[in-house]
Amino acid sequence: MKNLLNLRFLYVLFMLICAASCNKPHDSIPKLSADLDKSPRVGSDEIDELYEKEPMSNLKREFGKALVKSMNESKALRDLIRAKALEMFNKDYDVLYGMIADEKLENGITVNDLMIRNMSDKETMSDLDNISPTLTILVPELPENSFNAEKWDTSKEIPRVAIRLTKSNDVPIIDGTERILEWEYTPAFPVLVIKDNERVVSDKDREFSKKSTRQFLSKSGRKYRFTFDNYDKHKEKSKRIAFFGSDMDPKLLTAYNTYLNTDGWQRDYIYYDISPSQDRGVFNYDFKEKIKTFSLVGDPMTAYNKISDQTDDPRILQNTLHPTSSWTNGNFDFKVSTLINAKNGVGTGHVTAFGATPDDLFNLTYELVESYPFNYYRLTNVELDYYYIDNGGLELINWDLNEYASSINIRIEEVDNTTTTHLQETSTVKFAANFAIEATVLKKIGIKFGASLENTQTQTYQRSFTQDNDLLGSVIVNFGDDVVLNTYGNGSTAHTREYATGYYSISVEPTRVQGTP
């Protein structure tokens with residue numbers, strides 16, 4: 001009888017232990033053997049090998065370990081990271097470490113002092129400052145609203161830390177131990193990402209002196225600049241959502257109707273008020289060319305992998321049915337270089353940029369995989385979406401044919417790095433010659449190139465590209481291209497022309513920047 005009671009006691013104790021273990025967050029037992037096979041890998045040799053591909057990342061590894069310890073010790077640090085991420089100083093949930101390093105936490109200790117106290121090698125931080133002066137902590141937006149800066153409950157959630165690598169798409173995860181989360185998976189648990197900042201350069205970067213963007217300083221005196229004004233939240237304009245027809249200036253529709261059944265250029269009417277009944281006009285500065293929309297094209301999975309891939313890892317190319325995860329990247333950054341040839345013989349490159357979230361460009365579908373020691377998401381389907389660029393579009397030029405060539409070249413690349421290479425190239429372009437002064441006013445004479453022959457020139461210009469970026473190709477926009485292709489609904493809605501490469505499609509339209517319709 002005594003043995004039977006002991007067996008019953010042991011059975012009840014076993015069931016209580018099982019029930020308690022099943023209720024632990026992120027510790028669910030895998031439902032499928034395939035999920036068990038794909039659990040985050042643990043192995044010091046394999047993890048060390050991943051870091052050895054890029055030795056400088058070992059410093060970020062030590063930083064990540066110290067950050068995990070420091071966040072466990074300090075709620076004030078967790079609060080500070082969350083608050084700074086929500087400021088979105090560069091229009092992403094990035095926290096520039098140099099800007100918080102000297103902030104005070106509990107008992108008057110600074111963030112930097114706490115981090116150094118939790119590092120085995122006290123020189124790590126100074127080495128990092130020299131090698132990664134734009135070291136950044138990203139609070140990622142994870143699928144199904146499972147974790148983000150807004151949702152982060154700092155009183156209960158102490159995130160793990162991930163290291164964004166540039167030679168591998170696999171992601172090291174740090175908590176009490178170290179694991180590798182494979183490239184096709186996204187965490188289903190709180191996590192922060194350690195990376196370099198693609199939207200900011202420091203005074204240790206050779207590109208710093210070439211930037212004319214706003215400068216800001218850390219408490220220690222470190223100087224920073226934005227790579228482009230479009231990333232500076234202080235210069236953010238009021239946002240305006242664009243739809244075909246709804247924000248289109250009526251002059252574009254009038255230009256379409258003016259040349260609907262007549263040979264001519266719509267931009268002649270938009271910029272010079274030239275029509276079949278009025279063959280000369282003065283340039284109108286009320287309009288400027290803008291890139292209004294951007295979308296990726298082709299196979300959705302291939303497009304997603306193209307801009308999500310952070311390395312030349314060949315596994316991504318072997319199986320497009322399994323997309324790489326982009327969660328360590330934050331928002332996507334696109335650099336736009338426009339070659340604008342001028343009559344004075346100088347070819348200039350107008351360089352700007354815009355950002356887009358994954359949700360701006362894709363409709364993404366995930367499934368939850370329950371695994372040990374934590375759950376994660378698998379991306380199961382990708383569909384392309386259409387992005388209307390913020391602030392009514394990306395400004396280019398007031399297209400005056402008396403100053404600029406009759407075509408412009410637009411090149412787009414997805415940014416993964418800030419190291420820029422400069423090249424010298426030549427191009428052959430056409431300039432309009434049909435301009436004359438009448439009563440002290442410079443006017444364009446005639447439709448298109450008028451009675452005069454166009455002037456053809458070969459020019460040399462400087463072009464820059466950024467190392468490790470994904471080059472998406474270039475398109476040519478001609479002054480004589482139709483802006484509006486057709487209208488619907490009694491002319492109230494218009495379909496505008498788009499320009500495409502094998503990777504993307506954009507619309508470029510003259511847009512009113514001053515004056516009234």
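Bear in mind the structure is a predicted one, so any value in this text is a computation, not a measurement. (Residues numbered from 1 in each chain as written. Predicted model: local features only at pLDDT ≥ 70, side-chain atom pairs only at ≥ 80, totals over all residues. Heavy atoms only, no water.)

Describe the side chain of Asn90, and please don't skip the residues or the numbers.
Summarising the element assignment, Asn90 is placed in the loop between α5 (75-87) and β1 (94-96). A polar contact is formed between the side chain of Asn90 and the side chain of Asp94, at a distance of 3.0 Å. With residues up to four places along the chain from it excluded, the contact list for Asn90 reads Asn197, Arg199, Phe226 and Tyr231. (Helix = DSSP H or I, 4+ residues; strand = E, 2+ residues; numbered from the N terminus. Polar contact = N/O pair within 3.5 Å; in protein donor to acceptor, adjacent residues only side chain to side chain. Contact = heavy atoms within 4.5 Å.)

Describe the packing of aromatic side chains, listing the residues and the values that go with them.
In this structure the tally under the stated criterion is 24 aromatic pairs. Ring plane angle 45° and centroid distance 6.0 Å describe the contact between Phe89 and Phe226, whose orientation is recorded as tilted. Pair noted here: Phe89 is in the loop between α5 and β1 and Phe226 is in strand β10 (residues 223-226), with a separation of 137 residues, a long-range link. The same class applies to Phe89 as to Phe226, namely buried. (Phe/Tyr/Trp six-rings, centres within 6.5 Å; stacked < 30°, edge-to-face > 60°. Buried < 20%, exposed > 50% of the residue type's maximum accessible area, 1.4 Å probe, protein only.)

How would you sum up helix α9 (residues 250-258)? Please name residues and give values.
Of all the residues in α9, the buried ones are Lys251, Leu252, Leu253, Ala255 and Tyr256. Its buried side turned inward, α9 meets α10 (266-272), β12 (287-296), β25 (484-488), β26 (493-496) and β28 (504-512). The opening residue of α9, the one whose side-chain oxygen lies 2.9 Å from the backbone nitrogen of Lys251, is Asp249.

Give me the sheet that holds strand β6 (residues 185-187): which residues, what numbers.
Pairing is antiparallel in the open sheet, where three strands are placed in the order β6-β16-β15. The open sheet is flanked by β6 and β15 (362-369), the only strands paired with a single partner. Going from strand to strand, the sheet's axes swing by 40° on average, the running direction of each strand aside. Here helix α11 (residues 300-308) sits on the sheet and contacts β15 and β16 (376-384); the angle it forms with β16, its principal contact strand, is near 115°. (Pairing = 2+ DSSP bridges. Axes fitted to C-alpha atoms, helices over the stretch in contact; angles between N-to-C directions.)

Go over the sheet that holds strand β9 (residues 215-217) with me, naming the residues and quoting the values.
Spatially, three strands are ordered β8-β10-β9 in an open sheet, and the strand pairing comes out antiparallel. Each having just a single partner strand, β8 (200-202) and β9 make up the two edges of the open sheet. In this sheet, neighbouring strand axes are inclined to one another by 30° on average, regardless of whether the strands run parallel or antiparallel. With three bridges connecting them, β9 and β10 associate as antiparallel partners. Across the sheet, the residue bridging to Phe216 is Tyr224, located in β10.

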